[in-house]
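# Fold and contact review
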Amino acid sequence: MSYKQIGNIGSDSKYNDGKIVGPDNEPSVDDKVTAFTSPGTFSPVKSTGTVLVVAGGGHAGGNVGAGGGAGGLVLTPTSFPFPGSDVTVTIGAGGADGYPNSQPQAPSGSDTTFGPLLTAKGGGGGGTYSQGSPNFGPGADGGSGGGGRGGPSPGSAGAATQPQQPGVSGSSGFGNAGGAGAPMAGDNVDSGGGGGAGGAGNSNKTGGDGKDISPSPAFASGSQPYYPSLPPAAAPDGHDYGPVSTFAGGGGGINNAGSGPINSTGTGGPGGGAPGLTPAPQSPVNYTDGIANRGGGGGGGSLGAGGGSGGSGIVIVQEADAVQGNSSGIWDLTAIYKYRGDGKWLS
């Protein structure tokens, strides 16, 4: 870094105070990123930007249940227009525990909204074994659909509703169907995985992939402070939830190969989708939840156990060239002239 000095520059200088004014800075501007993991208000600095909106994921079914669908995901173009006023942001919750055992499917997630401009639809709940009708529940429709419960009359897959939303919420929206439950083969039961923003759920209990947002010019692929944390790659349940720039993975379903508590788990989709937990020696086998603020679907519950809750949603807004990158020292007037001409001088 160089410094400009006024005075005492040379023996023939008419300035002689010797004061250092400051570093000779090249003007720069940086992007502004605002992330919401709870309700809030967005105050635009620029007239356009890029917005990511992810809804809450669906709860998984229990009792050899199907995976919950991921929350719908909206990723706008980089030139999405902002209004000339504040925007109210709401964050959708994941589908929660506490539903009756007469219900054929678990609760769906809640919508996330960016004012009236953008809506991501909550993920569909996974099908469960029900004491009501039907016994083998279908996946619920949602941003991404929930998986269907396997059985003699297996539950159908939940459909994806995000791509059908009006305006940019649909044209730049991502969601996929869950996987249908598989027909019983002897004593073997496979429940479907929930759909993800990047791919459909499968009837072999695997959750659909989430969507990697890093190809968008607004978002980087590496770890960023505005990305919610993920469990480590070597998570205790052996499931890799990453990469960090991926959101809205579908929850994994459960397989049961007989009348006892012997289960195998479907993997959740990358991007926060939860697997059903690998069986432990203890009984009943526990379940896993979708990752918070990533919109992942919950993982299916084993024989005699409930399913996992969905992960909550998020909103991330990127405004390009919105904050001055350096603010101390002095700047070359030619550089200032150029930056002002390019519309990048923010003072």
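Computed from a predicted structure; not experimentally measured.

So, about the overall build of the protein chain. Scanning the protein chain from N- to C-terminus turns up two helices and 18 strands. Across the 347 residues that make up the protein chain, the buried fraction comes to 50%. The contacts of the protein chain with a sequence gap of at least 6 include a subset with a gap of at least 24, amounting to 62%. Of the accessible surface of the protein chain, which amounts to about 14300 Å², a share of 52% is contributed by carbon and sulfur atoms.

This paragraph deals with unusual backbone geometry. Residue Asn63 is not a glycine yet carries a positive backbone phi of 60°. With respect to the helices, strands and loops of the structure, Asn63 is situated in the loop between strand E5 (48–54) and strand E6 (73–75). For Ala248, which is not glycine, the phi torsion reads 60° and is therefore positive. Assignment of secondary structure puts Ala248 in the loop between strand E14 (246–247) and strand E15 (254–256).

Quick look at the nonpolar core now. One recurring pattern in soluble globular proteins: nonpolar side chains tend to sit buried together. Ranked by internal contacts, the top residues of the largest apolar core, which has 16 residues, are Phe42, Val51, Val53, Phe114 and Val315. Listed by contribution, the elements that provide at least two residues to this core are E5, strand E8 (87–90), strand E10 (118–120) and strand E17 (314–324). What Val315 contacts, discounting residues up to four positions off in sequence, is Thr34, Ala35, Phe36, Val51, Leu52, Val53, Val89, Ile91, Thr112 and Phe114. Formed by 15 residues, the second largest nonpolar core is a distinct cluster that contains Leu52, Ala70, Leu73 and Tyr226.

Turning our attention to the sheet that holds strand E9 (residues 112–114). With respect to topology, four strands assemble into an open sheet ordered E4-E8-E9-E10, the strand pairing being antiparallel. Among the strands making up the open sheet, the edge pair consists of strand E4 (40–42) and E10. The sheet shows a mean angle of 20° between the axes of neighbouring strands, taken without regard to direction. Alignment of E4 against E8, held across three bridges, turns out to be antiparallel. Within E8, the position partnered with Thr41 by the bridge is Thr88.

With the rule as written, the count across this model stands at eight aromatic pairs. Each residue in the set Phe42, Phe80, Phe82 and Phe114 is aromatic and connected to the rest through ring pairs, giving one cluster. Here the guanidinium or amino end of Lys211 rests over the ring plane of Phe174, the centre of that ring lying 4.2 Å away. A cation sits over an aromatic face here: Arg294 above Phe247, 4.6 Å from the ring centre.

Turning next to the environment of Tyr129. Along the chain, Tyr129 turns up in the loop between E10 and helix H1 (168–171). Taking C-alpha positions, Tyr129 is 8.8 Å from Ser102, a pair spaced 27 residues apart along the chain. With sequence-adjacent residues up to four places away left out, Tyr129 is seen in contact with Gly62, Asn63, Asn101, Asn135, Phe136 and Arg149.

Moving on: the pairing of E5. Burial runs high along E5: six of the seven residues are buried. Note: E5 against strand E7 (residues 80–81), two bridges, orientation antiparallel. Following the sheet pairing, Thr48 is matched in E7 by Pro81. In terms of strand pairing, E5 meets E6 through three bridges, oriented antiparallel. By the bridge assignment for E6, Val54 is matched with Leu73.

Before going further, it helps to examine the pattern of salt bridges. A side chain of one charge can pair with a side chain of the opposite charge if their charged atoms are brought near each other. For the coordinates displayed, the defined rule picks out two salt bridges. Linking Lys121 and Asp111 is a salt bridge whose minimum nitrogen-to-oxygen distance equals 2.9 Å. Placement of the pair is Lys121 in the loop between E10 and H1 and Asp111 in the loop between E8 and E9, with a sequence separation of 10 residues. Where Lys205 meets Asp190, a salt bridge forms, and the shortest distance between an N and an O atom there is 4.0 Å. Of this pair, Lys205 sits in the loop between strand E12 (189–190) and strand E13 (211–212) while Asp190 sits in strand E12, and the two are 15 residues apart along the sequence. There is no split in this pair, since Lys205 and Asp190 are both buried.

This next bit is on the environment of Thr112. Mapped onto the elements, Thr112 comes out in strand E9. At a separation of 2.8 Å, a polar atom in the side chain of Thr112 contacts the main-chain carbonyl oxygen of Val54. There is a polar contact of 2.8 Å between the side chain of Thr112 and the backbone nitrogen of Gly92.

With respect to the helices and strands, the residue Asn255 is situated in strand E15. Considered as a pair, Asn255 and Leu303 are 48 residues apart in the sequence and their alpha carbons are 9.2 Å apart. A distance of 3.0 Å separates the side chain of Asn255 from the backbone oxygen of Val189, its partner in a polar contact. Engagement of the side chain of Asn255 in a polar contact is seen with the side chain of Asp190, the distance being 3.1 Å.

Rules used in this analysis
Residues numbered from 1 in each chain as written. Predicted model: local features only at pLDDT ≥ 70, side-chain atom pairs only at ≥ 80, totals over all residues. Heavy atoms only, no water. Helix = DSSP H or I, 4+ residues; strand = E, 2+ residues; numbered from the N terminus. Buried < 20%, exposed > 50% of the residue type's maximum accessible area, 1.4 Å probe, protein only. Contact = heavy atoms within 4.5 Å. Areas by Shrake-Rupley, 256 points an atom, 1.4 Å probe, with all protein chains shown as cover. Core = buried A, V, L, I, M, F, W, Y, C linked by side-chain atoms within 4.5 Å. Pairing = 2+ DSSP bridges. Axes fitted to C-alpha atoms, helices over the stretch in contact; angles between N-to-C directions. Phe/Tyr/Trp six-rings, centres within 6.5 Å; stacked < 30°, edge-to-face > 60°. Lys NZ or Arg CZ within 6 Å of the ring centre and 35° of its normal. Salt bridge = Lys/Arg side-chain N within 4 Å of Asp/Glu carboxyl O. Polar contact = N/O pair within 3.5 Å; in protein donor to acceptor, adjacent residues only side chain to side chain.

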